[in-house]
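Each chain, written out:
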Amino acid sequence: MSAAWIPALGLGVCLLLLLPGPAGSEGAGEWGSWGASGRSQGLSTSGYKRDSDPAPWASARRPEEEGAKVELPHGAPALTPAADLLLLTCFSHAPIAITCFTRGLDIRKEKADVLCPGGCPLEEFSVYGNIVYASVSSICGAAVHRGVISNSGGPVRVYSLPGRENYSSVDANGIQSQMLSRWSASFTVTKGKSSTQEATGQAVSTAHPPTGKRLKKTPEKKTGNKDCKADIAFLIDGSFNIGQRRFNLQKNFVGKVALMLGIGTEGPHVGLVQASEQPKIEFYLKNFTSAKDVLFAIKEVGFRGGNSNTGKALKHTAQKFFTVDAGVRKGIPKVVVVFIDGWPSDDIEEAGIVAREFGVNVFIVSVAKPIPEELGMVQDVTFVDKAVCRNNGFFSYHMPNWFGTTKYVKPLVQKLCTHEQMMCSKTCYNSVNIAFLIDGSSSVGDSNFRLMLEFVSNIAKTFEISDIGAKIAAVQFTYDQRTEFSFTDYSTKENVLAAIRNIRYMSGGTATGDAISFTVRNVFGPIRESPNKNFLVIVTDGQSYDDVQGPAAAAHDAGITVFSVGVAWAPLDDLKDMASKPKESHAFFTREFTGLEPIVSDVIRGICRDFLESQQ
């Protein structure tokens, strides 16, 4: 046959496919069966669709098993899958109208022309990568991000690409794309063919829907379980201890827990970190806010191997995972669920301390505890007790093995959703009131007074100052006292630091005892019902003309922990009399005002140490 006849033959077949069958014939007036998947009826030349499954992972199913339909003109005969494929080929020149949230994985062709609607909300786009995007990304979001179209919509050509690692985060055209460590498929976008077809945000059909059948609505982002608001990191074991097979069983269990939590925009958010030789953050809290996407992401995580350096991974998670940029939310409990198969290869106690200092509630899920013959290989047999938020039984959870774990899912979820038990959510950084009592006497001088204010600022800026967090106050004293600002005057770190910079030097005598009594009465008195722990930091450069021991003792009795910092001519006896016990860790001295800087970290550590001891 001549090649010139092939297009004509194809067109003839296309027309025949659209002719109605004889009256009464099978398929007359019915609809041809074919796959329609995704938010936009994502037509696929493979005839497959991805859908939810009773198991955590979504599975690929033949459309004929689902009964999915594609709409053909009234009276068209029922078509076989082969005829369906040919029909799609006949009309493949027309762009497919998609929704704002149709993802790359919903379009299963190597190359497809689509039509994006206008007016999509930029802040709701989920985009991962730059130029090359993970297939879980919104196609229209990727197109706007790359500059192929504006937010008014338009035609886009989509090219499927293999999966890759390290999708980058780039801010472009009003969209901040997100990082993703790994995904199984990718795509890129270019300018598409123009079309007269208008995109409305819904997939376009050339026929009426079957009687009695409702069109699928574009899924809205679910709010999730509002009674279980938590930011949760699953720290999974990816070491040679667990091996590939048990690693997959572990992922399956984590997927079930994630599903039951009720993930959503206003519910729990989850991320995942893998512990092995080096820790790796697989995805962050902000990456996914639906259970379906989280399950896909968990499934994509690959086994790394190496030693089970759980301590290193826990410390890394506490310090690097729970940041505002990574999606942590203000006032929401921070939780790490650590899975340990056997025992850790490194020290986990220090990591537990760091996590508590950062306000992270650590749960340990231990599987297959070491048998007596193995105990000699364990660095610390009490590692669970030393790593968890509190050694009270609530934060530790044990499963005998990775088989038949479904019955353990609900009890663990109930623990993770019991917010009143999250005792480590309060930290020294967000649950303290710190007043600074600053010597403004004549012996200080204006330039040294500025160094004292810098010392105060460097301590204050370390804490999470807010209306529900840490609070800062300042009093300057000579023979008189002046409240520079109280605990209730400023609720942001920026305002507090600005207020400290604006303090004007008084100059005068030195009456430290009266200043302590003034501060206890007028600064701490109004907040005596505050749940925060109270601290007073005194900075002075000379001997007081009045008694300091009595007023300091009254402050101690009022539950105020006192740190005394002396410079130059400040007597050591006065510093010790003012300081809380033990004196050696609450009293500091330096000969020069420039020596104040190294004391900053000592005071901060002391505040955190005293806070943690008060919580035991």
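Residues numbered from 1 in each chain as written. Predicted model: local features only at pLDDT ≥ 70, side-chain atom pairs only at ≥ 80, totals over all residues. Heavy atoms only, no water.

As recorded in an unreviewed UniProt entry, the protein goes by Cochlin and comes from Pongo abelii. Annotation of the protein in UniProt includes, under Function (unreviewed entry), the sentence "Plays a role in the control of cell shape and motility in the trabecular meshwork." (UniProt positions renumbered as here; feature names shortened; annotations may be inferred.)

A. Spotlight on the overall build of the protein. Check the secondary structure of the protein and you find 16 helices and 22 strands. Considering the protein as a whole, with its 616 residues, one finds that 52% of them fall into the buried category. When contacts within the protein are restricted to residue pairs at least 6 apart in sequence, long-range pairs at least 24 apart make up 77% of them. Of the roughly 28100 Å² that the protein leaves accessible, carbon and sulfur atoms contribute 52%. (Helix = DSSP H or I, 4+ residues; strand = E, 2+ residues; numbered from the N terminus. Buried < 20%, exposed > 50% of the residue type's maximum accessible area, 1.4 Å probe, protein only. Contact = heavy atoms within 4.5 Å. Areas by Shrake-Rupley, 256 points an atom, 1.4 Å probe, with all protein chains shown as cover.)

B. Molecular detail of the sheet that holds strand 5 (residues 129–130). Pairing in this open sheet of 6 strands is mixed, and the strands run 3-4-7-10-6-5 from one edge to the other. Two strands in the sheet have a free side with no partner beyond their single neighbour: strand 3 (96–97) and strand 5. Sheet analysis places strand 5 next to strand 6 (residues 132–134), joined by 2 bridges and oriented antiparallel. Looking at strand 6, one finds that G129 is bridged to Y133. Its contacts with the sheet place helix 4 (residues 139–146) against strand 4 (111–116), strand 5, strand 6, strand 7 (154–167) and strand 10 (180–191), and it is angled at close to 70° to strand 10. (Pairing = 2+ DSSP bridges. Axes fitted to C-alpha atoms, helices over the stretch in contact; angles between N-to-C directions.)

C. Spatial organisation of the nonpolar core. Within the largest apolar cluster, 79 residues are counted, with the highest numbers of intra-cluster contacts made by F234 and L261. Contact partners of F234, with chain neighbours within four places excluded, come to V254, V257, A258, L261, V270, G271, L272, V273, V337 and F339. One finds V432, V539, A568 and F611 within the second-largest nonpolar core, a separate group that totals 43 residues. (Core = buried A, V, L, I, M, F, W, Y, C linked by side-chain atoms within 4.5 Å.)

D. Spatial organisation of the pattern of salt bridges. Applying the stated criterion across every chain yields a total of 12 salt bridges. The closest approach of N and O atoms between K280 and E282, which form a salt bridge, is 4.0 Å. The exposure class of K280 is buried, given its relative accessible area of 18%. Since its relative accessible area comes to 5%, E282 is described here as buried. (Salt bridge = Lys/Arg side-chain N within 4 Å of Asp/Glu carboxyl O.)

E. Region of interest: the pairing of strand 17 (residues 432–439). Most of strand 17 is tucked away: 8 of the 8 residues are buried. Alternating residues of strand 17 divide into V432, I434, F436 and I438 and N433, A435, L437 and D439, and every residue in both groups is buried. Two elements, strand 17 and strand 20 (residues 533–540), share 7 bridges in a ladder whose sense is parallel. Bridging across to strand 20, I434 finds its partner in F535. Of the strand pairs in this sheet, strand 17 and strand 18 (residues 471–477) are connected by 7 bridges, and their pairing is parallel. Of the residues in strand 18, the one forming a bridge with I438 is Q476. Traced from strand 17 through helix 11 (residues 446–460) to strand 18, the parallel crossover comes out right-handed. (Right-handed = clockwise from strand over helix to strand, strands pointing away.)

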